[in-house]
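Results of the structural survey
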Amino acid sequence: MDLQEYFQRIGFSGPFERPDLPTLRLVHRLHVMTIPFENLCVHSQEQASMELTQIFSKLVHQRRGGCCYESNLLFSWVLGQMGYTYTILGARVYNFQLKVFSQLEGHLIIRVEVAGRSYIADVSFGLADQIWEPLELVSGKEQPQPGGTFCLKEDGDTWVLERTTRTPLVPNKAFANSNLVVRSPVNIIFCFTLQPRQLKDFHAAVDFLKTSPKSLYTNKSMCSLVTPTGYRALVGWVYLEVTFAYQEKFDLMEMRRITEAEVQDVLRERFGLPTIPNLQLRDNRVSPIL
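To start, this report covers the structure provided alongside it.

Criteria and cut-off values
- Going along each chain's sequence as written, the residues are numbered from 1 onward.
- A pLDDT threshold of at least 70 governs which residues receive local features in this predicted model, and a stricter bar of 80 or more applies before side-chain atom pairs are shown or counted, although totals over entire chains, interfaces and linings include all residues.
- Working from all heavy atoms in the structure, the side-chain values ignore hydrogens and water.
- To count as a disulfide, a pair of cysteine sulfur atoms needs to be within 2.5 Å.
- Type-normalised accessible area, obtained with a 1.4 Å probe on protein chains alone, sets the label of each residue: buried when under 20%, exposed when over 50%, and partly exposed for intermediate values.
- Labels follow the DSSP assignment, with helices taken as runs of H or I lasting at least four residues and strands as runs of E lasting at least two, numbered in each case from the N terminus.
- The contact criterion used is simple: two residues touch if any of their non-hydrogen atoms lie within 4.5 Å.
- Each residue after the first adds 1.5 Å to the expected span of a helix.
- Buried Ala, Val, Leu, Ile, Met, Phe, Trp, Tyr and Cys residues that are joined via side-chain atoms within 4.5 Å together make up what is termed a nonpolar core.
- We call Phe, Tyr and Trp rings a pair once their centres come within 6.5 Å, taking the six-membered ring for Trp, and we label the pair stacked below 30 degrees between planes, edge-to-face above 60, and tilted otherwise.
- The axes used here are C-alpha line fits, helices contributing only the stretch in contact, and every angle between their N-to-C directions lies in the interval 0 to 180 degrees.
- In what follows, roughly perpendicular refers to angles from 65 to 115 degrees, roughly parallel to angles under 35, roughly antiparallel to angles over 145, and oblique to any angle outside these ranges.
- Crossing handedness is read from the near helix: turned anticlockwise from the far helix by less than a right angle, it gives a left-handed crossing, and turned clockwise, a right-handed one.
- Residues were grouped as follows: Ala, Val, Leu, Ile, Met, Phe, Trp, Tyr, Cys and Pro as nonpolar; Asp, Glu, Lys and Arg as charged; and all remaining residues, including Gly, as polar.

1. Considering the state of the cysteines
Counting across every chain of the model gives zero disulfides. The closest cysteine sulfur to the non-disulfide-bonded C41 is located on C67, 5.2 Å from its own sulfur. For C41, a relative accessible area of 2% translates into the label buried. Here C191 stays free of any disulfide, with the sulfur of C68 as its closest cysteine sulfur at 14 Å. Residue classification places C191 among the buried positions, given a relative accessible area of 1%.

2. Overview of the environment of A176
The residue A176 is located in the loop between strand 10 (167–169) and strand 11 (186–192) in this model. A176 sits in the partly exposed class, given a relative accessible area of 24%. On a C-alpha basis, the gap between A176 and M253 in space is 10.0 Å, while along the polypeptide they are 77 residues apart. Each residue touching A176, except ones within four places of it in the same chain, is listed here: V170 and R183.

3. What about helix 2 (residues 21–34)?
For helix 2, which comprises 14 residues, the first-to-last C-alpha distance of 20 Å matches the rise-based estimate of 20 Å (1.5 Å per residue) to within 8%. Taken together, the buried positions of helix 2 are L21, T23, L24, V27, H28, L30, H31, V32 and T34. Here the buried face of helix 2 lies against helix 1 (3–10), helix 4 (68–82), strand 4 (107–114), strand 5 (117–121) and strand 12 (222–227).

4. Some thoughts on the side chain of K58
By the secondary structure assignment, K58 is in helix 3 (residues 52–61). Apart from residues lying up to four places away in sequence, K58 is in contact with C41, R63, R64, G65, G66 and E70.

5. Re the nonpolar core
Core analysis: the largest hydrophobic core is formed by 57 residues, its most contacted members being Y6, F75, L240 and M255. Apart from residues no more than four positions distant in its own chain, L240 is found in contact with L180, Y231, R232, A233, V235, M253, E254 and M255.

6. What about the packing of aromatic side chains?
Counted under the stated rule, the structure contains ten aromatic pairs. Ring centres of F125 and F190 lie 5.9 Å apart, and the angle between their planes is 50 degrees; this geometry places the pair in the tilted category. Of this pair, F125 sits in the loop between strand 5 and strand 6 (135–136) while F190 sits in strand 11, and the two are 65 residues apart along the sequence. Relative accessible area serves as the criterion here: at 2%, F190 is assigned to the buried category. One aromatic cluster in this structure is built from Y6, F7 and F12.

7. Some thoughts on the packing of helix 1 against helix 4
Where helix 1 contacts helix 4, the two axes come as close as 11 Å, and the packing angle between them is 120 degrees. Taken together, helix 1 and helix 4 sit at an angle that is classed as oblique. Where helix 1 crosses over helix 4, the handedness of that crossing is left-handed. Residues L3, Y6 and F7 of helix 1 pack against L74, F75, W77, V78, Q81 and M82 of helix 4. By residue class, the composition of the contact of helix 1 with helix 4 is eight nonpolar, one polar and no charged.

Structure representation (structure tokens):
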């Protein structure tokens, strides 16, 4: 694996002299704007792998996107190659229907140490809750980003990530009640502890996500990419173009259904993905589970 190939993939041209905070922020931002969060391998008969060399080949050489365990695992390798001190952590995603956190630590995130301070990096959550730059690990500190104001809150041994949102404007009234439209002013995203994790700790959760008929991943095909003004996403057959702060307290959400004939063109033109053979989009209702 070649670090320069990764830099070329995300469009990073330096300068890079030392593992400092400005460089970490820049590389994180470039990653989320270049490599989509996507689970399309689940819906195209592909064999997803947790082997780093295969992930590198998929995301860098094949110019695909990936799930959190793929993209964040790749990013952790990049951080190590660049000289950063990091730790892999496991997060439990919030279930807004049941109003509880998942029992499984199914989301891989990264703690990064820079100049005596800790930061949380996460390049693969997707959609509106995707952070653009790492968040400083300080309880109660409001950290504004284009997607809203993020805040990490410490509760005993557990940390919780929240995002304060703006009001969504949805011109296409057919999607006014879509579950993709988040209307809560504060969105709980995930919780985690600072206990270091190894890749093997995620095997059970990843297997569930990839194979269980109750999993969000097997029921909904998803692809999401940060843009300079917001993000775009394809969830099932619904395509979204979101503009953050379209008006002072509002985000613009332009939504439409695409056709079978449009799928590969949309993925290529809007997400920079190659043709994905045997892809079958899916948008099933998911029963709330823990």
